[in-house]
Amino acid sequence: MTFAVSVGGRRVDCEPGQTLLEAFLRGGVWMPNSCNQGTCGTCKLQVLSGEVDHGAAPEDTLSADERAAGLALACQARPLADTEVRSTSEAGRVTHPLRDLTATVLEVADIARDTRRVLLGLAEPLAFEAGQYVELVVPGSGARRQYSLANTADEDKVLELHVRRVPGGIATDRWLFDGLTAGDRVEATGPLGDFHLPPPDEDDGGPMVLIGGGTGLAPLVGIARTALARHPSREVLLYHGVRGAADLYDLGRFAEIAEQHPGFRFVPVLSDEPDPAYRSGFPTDAFVEDVPSGRGWSGWLCGPPAMVEAGVKAFKRRRMSPRRIHREKFTPAS
């Protein structure tokens, strides 16, 4: 049965099987979202009236006491009646409707150890913000996997994904690294996520540090390029943390950006396999070594949870304002 769901005076229809989050996003109504798997709590909201089924909402993210108090996770909850909710997070200003996409694989290329670049062509442009992601449907399984876009918003007809192999993974070993070829059709949904720059009129052009672990570099590429297009002379430090030099990629691309923007610096950091050509250790420690004060800076973190948490601590150690710290944790998937 279709139910009416509303937030902030805006009403949309929630179709059978849809979550509150999907209904709002497809209806062009912004709702905070990040992992969309029930693990981060970004989409937590207050149910003001009506009733919801909490689905697979984890106890760690939504406790029994919170459920009893009327809280729910928009990415897991499905309405059982007409429902009104209130978001518990700050409202956003940028909204792009969630869409189902059918894309054509234009290119699949190995770019580093166990890492591939996949280019997907769209018949119609996709409106999104640099830093957001899409979900791909894994053929024959019904499973969905999330991949960040390395694009800027004007690169809206060819989507660039950076994919790292997960041993035994149904999406990577059994598809993206073993069988996917140019010309294949791919089903996807997007855009998703809140990991993006503020609107241009709220972007002060201040210095930025971006730290990516592995393919966590992908959304930072689009964010950094967008930031530099807005303010070409701003200071931007982009750190890429990987195990060894074999895991680095796109060094030429970053050299070109540095030639065009003297305030941009790309810093590869190797954690496990030292190489005299690069710094050793962890990118979060490299930031602490390089920047004596983070006041006035904004920080962007994307990668494994441990790296993201280390980055938050490093930014706070350098007195970066908490409201200027943005993070996107990669959720492990098979």
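Residues numbered from 1 in each chain as written. Predicted model: local features only at pLDDT ≥ 70, side-chain atom pairs only at ≥ 80, totals over all residues. Heavy atoms only, no water.

- As recorded by an unreviewed UniProt entry, the protein chain carries the name Cytochrome P450 reductase and is attributed to Amycolatopsis methanolica 239.
- Annotation of the protein chain in UniProt includes, under Cofactor (unreviewed entry), the sentence "FAD". (UniProt positions renumbered as here; feature names shortened; annotations may be inferred.)

1. Description of the pattern of salt bridges
Side-chain pairs of opposite charge can arise whenever the charged atoms involved come near each other.
Here comes step 1: According to the stated counting rule, one finds 24 salt bridges in the structure shown.
Here comes step 2: Across the pair E309 and K329 runs a salt bridge, and its minimum N-O distance is 2.6 Å. You can see E309 sitting in helix 7 (residues 305-317) and its partner K329 sitting in strand 19 (residues 325-329), a full 20 residues away along the chain.
Here comes step 3: Accessibility expressed as a relative area gives 32% for E309, which makes it partly exposed.
Here comes step 4: Each of the salt bridges in this network shares a partner with another, and the network as a whole consists of R113, R164, R243, D247 and E273. (Salt bridge = Lys/Arg side-chain N within 4 Å of Asp/Glu carboxyl O. Helix = DSSP H or I, 4+ residues; strand = E, 2+ residues; numbered from the N terminus. Buried < 20%, exposed > 50% of the residue type's maximum accessible area, 1.4 Å probe, protein only.)

2. Re the environment of P268
Here comes step 1: Tracing the backbone through its elements, the reader meets P268 in strand 16 (residues 264-270).
Here comes step 2: In this structure P268 comes out as buried when scored by relative accessible area, which is 11%.
Here comes step 3: C-alpha of P268 to C-alpha of T39: the two residues are 229 residues apart in sequence and 30 Å apart in space.
Here comes step 4: Beyond its immediate sequence surroundings of up to four residues, P268 is in contact with H240, L248, L251, Y278 and R279. (Contact = heavy atoms within 4.5 Å.)

3. Description of the state of the cysteines
Here comes step 1: Inspection of the entire model under this criterion finds zero disulfides.
Here comes step 2: C75 provides the cysteine sulfur closest to C14, a residue in no disulfide bond, and the two sulfurs are 13 Å apart.
Here comes step 3: Cysteine C35 remains unbridged, with the sulfur of C40 as its closest cysteine sulfur at 3.5 Å.
Here comes step 4: By relative accessible area, which is 7% here, C35 ends up buried. (Disulfide = S-S within 2.5 Å.)

4. Let's talk about the side chain of N151
Here comes step 1: Locating N151 in the fold gives a position in the loop between strand 11 (144-148) and strand 12 (158-164).
Here comes step 2: Residue class for N151 comes out buried when judged on its relative accessible area of 2%.
Here comes step 3: At a separation of 3.3 Å, a polar atom in the side chain of N151 contacts the main-chain carbonyl oxygen of E155.
Here comes step 4: Polar contacts involving the side chain of N151 include one to the main-chain carbonyl oxygen of V158, which spans 2.7 Å.
Here comes step 5: Excluding residues that lie within four positions of it along the chain, N151 makes contacts with F128, A130, V158, L159, E160 and G222. (Polar contact = N/O pair within 3.5 Å; in protein donor to acceptor, adjacent residues only side chain to side chain.)

5. A short note on the sheet that holds strand 18 (residues 298-303)
Here comes step 1: With parallel pairing, six strands are arranged side by side in an open sheet as 17-16-15-14-18-19. Each edge of the open sheet is held by one strand with a lone partner, namely strand 17 (279-280) and strand 19.
Here comes step 2: Inspection of the sheet shows strand 15 (residues 236-242) paired to strand 16 by seven bridges, in the parallel sense. By the bridge assignment for strand 16, V242 is matched with L270.
Here comes step 3: Packed on one face of the sheet, helix 6 (residues 283-290) meets strand 14 (208-213), strand 15, strand 16 and strand 17 and runs near 145° to strand 15.
Here comes step 4: Contacts from helix 7 reach strand 14, strand 18 and strand 19, with the element oriented near 165° to strand 18. (Pairing = 2+ DSSP bridges. Axes fitted to C-alpha atoms, helices over the stretch in contact; angles between N-to-C directions.)

6. Quick notes on the nonpolar core
Here comes step 1: Residues V5, L20, F24, M31, L45, A74 and V85 are the most contacted members of the largest nonpolar core, which totals 27 residues.
Here comes step 2: For this core, the leading source of residues is helix 1 (residues 20-26), giving five residues.
Here comes step 3: Contact partners of F24, with chain neighbours within four places excluded, come to V5, S6, V7, R10, V12, V29, M31 and V85.
Here comes step 4: Counting 24 residues, the second-largest nonpolar core is a separate cluster that includes V118, L126, Y147 and F177. (Core = buried A, V, L, I, M, F, W, Y, C linked by side-chain atoms within 4.5 Å.)

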